[in-house]
Amino acid sequence: MIKLKRRAFLAGTSAVLILPALPAFAADFKEADILKEKVSSGALPALKDRLPENPLVIKPIESVGKHGGDWNMALVGGGSLSMLFRYQAYEPLLRYTPDWSGVTLNVAEAFDGNADSTEYTIRLRKGMKWSDGQPYTTADVKFWYDTILTDKRVAVNGQGHWKTAGKPAKLEIVDEQTFKVTFAKPNGMFPLQVAWANSDHTTRCPKHYLEQFHIDYNPKADELAKERGFETWIAAFQSASGFQDDNAFFLNSSKKPCLHAWMFTTAPGENTERAIAERNPFYWKVDTEGNQLPYMDRIVYQMVADPQVLLLKAMQGEIDLMDQYIATPNNKSVLYDAREQGKYDFYTLTSTEANVMNFIFNLNHNDETKRKLFRNKDFRAALSMALDRQSLIDAVLVGQGAPAQPSIKQGDPLYNEQLATQFTSYDVDKANAMLDTLIPKRDDQNFRLDEKGRRLTVIFEIDQARAVFLDLFQLVIPMFQAVGIDAQMRTMDRSLWETRVRQGRDFDATAHQFGANGGVAAMLDPRYYVPTDSNAMYAPAWQLWYLDRNNANAEEPPEETKKQLELYDKLKSTSDPAGQQEIMKQILQGAAENFYVFGISLPPDGYGIVKNNMKNITKTMPNSFGWPTPAPTMPEQFYKV
């Protein structure tokens, strides 16, 4: 019997699904017809030789399905490949439960923690294989640990959940299926963080494929790198592993083995019109009647230039299930009217986001004058009060919402009234008075001048696929200009935005949507409350300092932010849910006092579209990247009739 042990494992959860033991049908597994043909021809081993000894059993949401068919999807713009974690690439050691009340076993067959959350013992499934048929074992985990987590030459950022006190956990390989992770200090949130959308590298690092690119395993790695257009093996290995950024992980990745239900045969970057992922013949899950999953043969992604094209495709019935980029408030009536034509209906997305749009100023700007101004809380507060939020809500959000800062939703035990409501009143006179104290001089067009006598121009760099942001900024820019700030908007493809904003220091400001507004989610993704990772785009250098103080681009934060980071370390080391909640309340109060970012409104519930012939679809689900909607509802058990 599979067991999940200890309070440390259940941190912050109220319900954990215990998966059933291997059922009695083990000798009679069934596969898709297309795979039967390959077995008959000798191209594939028999199904019993492709599955692990103890495959994961999935109970379908509605009914046992049938094999076959395509899941028709789309990717918008060149930099939206992180969406793939939502659809086909969410296979961590542990995954979130469908209601986000906790975590459950996934790649791991067992995951046990000790009493003080300093040691975890994890067992993989014996006989489990990568999509090319090679074994998936602890050798792959060790390879990741040696070449990604601890290899300073490769220097991949992130993976904070594998570290305490700035040092990586120790890895002990017990045998081919079992490994231990030991932390210097308690790490009670480790299981919850492992399940985050794209956090678990240990299930995405095939040693037998990637070792050819690493100099320690292949003496000719530099030569291979030059053949592939890279100057050194380091750059080639970073690209091939893809852990520096989500786009790189999926780009041109059809040769990289995976553990996913579908494997790319034509990956993004290999065709300009579409990407195709076909069923993985070595996939390690079955349904309750012994049918190997996934049910669907392929996922076909159309490569779409912008959201308007995607909207038309959805209305014409070319999209089977989707919410990102098209399910905006303004589109809802149009999509509603086209339901019969497109043969689809809606599903509900419960809001987990901190705000519909967060204004993010670069507090680590390379320009010293802008950096000093942007860091001034009064400057940010003044611009916040320059916003007529109700007008924005009425005009762009079709009246859905209420003025609020990035915060915790009311009714949640973590709700902080100051954080949610401060500086939300529309008061141009007060905003001007505060700005007159900070930057009193103006030019002949009434725009304010900074300390060096330059017009204070603030360029908001925006991902062009975010249609709601673009609509909001058409109204926001005149509001900022009305108080003397030369606000401008620069739109760009997502891939350039990722480079300029998430990885840069030269941008003035941006806007983003995600982050969390309550409970476990807020503790796992506190990006607007404390700068713990690259999602804290207001503090790119401070989050680097938190993750790696030796990083050349890191900068020591001011004391008030260091206090926030110390509290978050304390939170991570606590396994008791009540204790976690009390520490998180302190973090949120600190966030209220620091006022790093500001927003417009807490989002109302959203929606997505799903074709009428799609089955096993959860009708109501959280809307989040961390709980990568809809992946925890197990797309491998989606099917068509």
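Each remark here, short or long, concerns the structure printed above.
Nothing here was measured: the structure is a model prediction, and the numbers come from that model. (Residues numbered from 1 in each chain as written. Predicted model: local features only at pLDDT ≥ 70, side-chain atom pairs only at ≥ 80, totals over all residues. Heavy atoms only, no water.)

Peer 1: Sorry if this is basic, but what is going on with the overall build of the chain here?
Peer 2: Check the secondary structure of the chain and you find 23 helices and 26 strands. The globule rule puts the C-alpha radius of gyration for 641 residues at 26 Å, and the 25 Å found for the chain is close to it. Seen along its three principal axes, the alpha-carbon backbone of the chain occupies a region of about 80 × 60 × 55 Å. Here the chain holds 641 residues, and 60% of them are scored as buried. Carbon and sulfur atoms make up 48% of the accessible area of the chain, which totals about 24,300 Å². Both charge centroids of the chain, one from 72 positive and one from 80 negative side chains, sit 3 Å from each other. (Helix = DSSP H or I, 4+ residues; strand = E, 2+ residues; numbered from the N terminus. Rg over C-alpha atoms; globule rule 2.2 N^0.38 Å. Buried < 20%, exposed > 50% of the residue type's maximum accessible area, 1.4 Å probe, protein only. Areas by Shrake-Rupley, 256 points an atom, 1.4 Å probe, with all protein chains shown as cover. Lys, Arg positive; Asp, Glu negative; His and termini not counted. Charge placed at Lys NZ, Arg CZ, Asp CG, Glu CD.)

Peer 1: What is the right way to read the packing of helix α10 (residues 307-315) against helix α11 (residues 329-337) from this model?
Peer 2: The description of two helices packed together rests on the angle between their axes and the distance between the axes. One way to put it is that α10 packs onto α11 with a least axis distance of 10 Å and a crossing angle of 25°. By the criterion of interaxial angle, the relationship of α10 to α11 is roughly parallel. As α10 runs across α11, the sense of the crossing is right-handed. Two secondary-structure elements touch here, α10 through L311, A314 and M315 and α11 through N331, V334 and L335. Split by residue class, the contact of α10 with α11 holds five nonpolar, one polar and no charged. (Axes fitted to C-alpha atoms, helices over the stretch in contact; angles between N-to-C directions. Parallel < 35°, antiparallel > 145°, perpendicular 65-115°, else oblique. Left-handed = near helix turned anticlockwise from the far one by under 90°. Contact = heavy atoms within 4.5 Å. Nonpolar A, V, L, I, M, F, W, Y, C, P; charged D, E, K, R; others polar.)

Peer 1: What should I look at first to understand the packing of aromatic side chains in this one?
Peer 2: Enumeration according to the criterion identifies 43 aromatic pairs in this entry. Taking the centre distance of 6.0 Å and the plane angle of 65° together, the rings of W71 and W262 count as edge-to-face. Remark: W262 occurs in strand β12 (residues 262-266) and W71 occurs in strand β3 (residues 70-76); sequence separation between them is 191 residues. Here W71 matches W262 in class, with each residue buried. Consider the rings of F143 and F237, whose centres lie 6.3 Å apart with planes at 75°: the pair is edge-to-face. In this pair, F143 is assigned in helix α4 (residues 138-149) and F237 in helix α8 (residues 233-241), connecting sequence segments 94 residues apart. By relative accessible area, which is 0% here, F237 ends up buried. An aromatic cluster of three or more residues is present, and its members are F359, F361, F374, F379, F423, F460, F473, F480, F595 and F598. Against the face of F249 rests R204, its NZ or CZ located 4.6 Å from the ring centre. (Phe/Tyr/Trp six-rings, centres within 6.5 Å; stacked < 30°, edge-to-face > 60°. Lys NZ or Arg CZ within 6 Å of the ring centre and 35° of its normal.)

Peer 1: Is there a simple way to think about unusual backbone geometry in this case?
Peer 2: For residues that are not glycine, phi is negative in most cases, and the peptide bond is trans in most cases. With an omega dihedral of 5°, the bond running from L293 to P294 counts as a cis peptide bond. Among the secondary structure elements, P294 is positioned in the loop between β14 (285-287) and β15 (298-304). Cis geometry is found at the peptide bond from T629 to P630, where omega equals 5°. Its place among the elements puts P630 in the loop between β25 (620-623) and β26 (639-640). Notably, N252 is not glycine yet its phi reads approximately 50°, a positive angle. Topologically, N252 is positioned in the loop between α9 (246-250) and β12. In this model, K343 sits at a positive phi of 55°, which is unusual for a non-glycine residue. By the secondary structure assignment, K343 is in the loop between α12 (339-342) and β17 (344-351). Residue K343 is classed as exposed on the basis of its relative accessible area of 55%.

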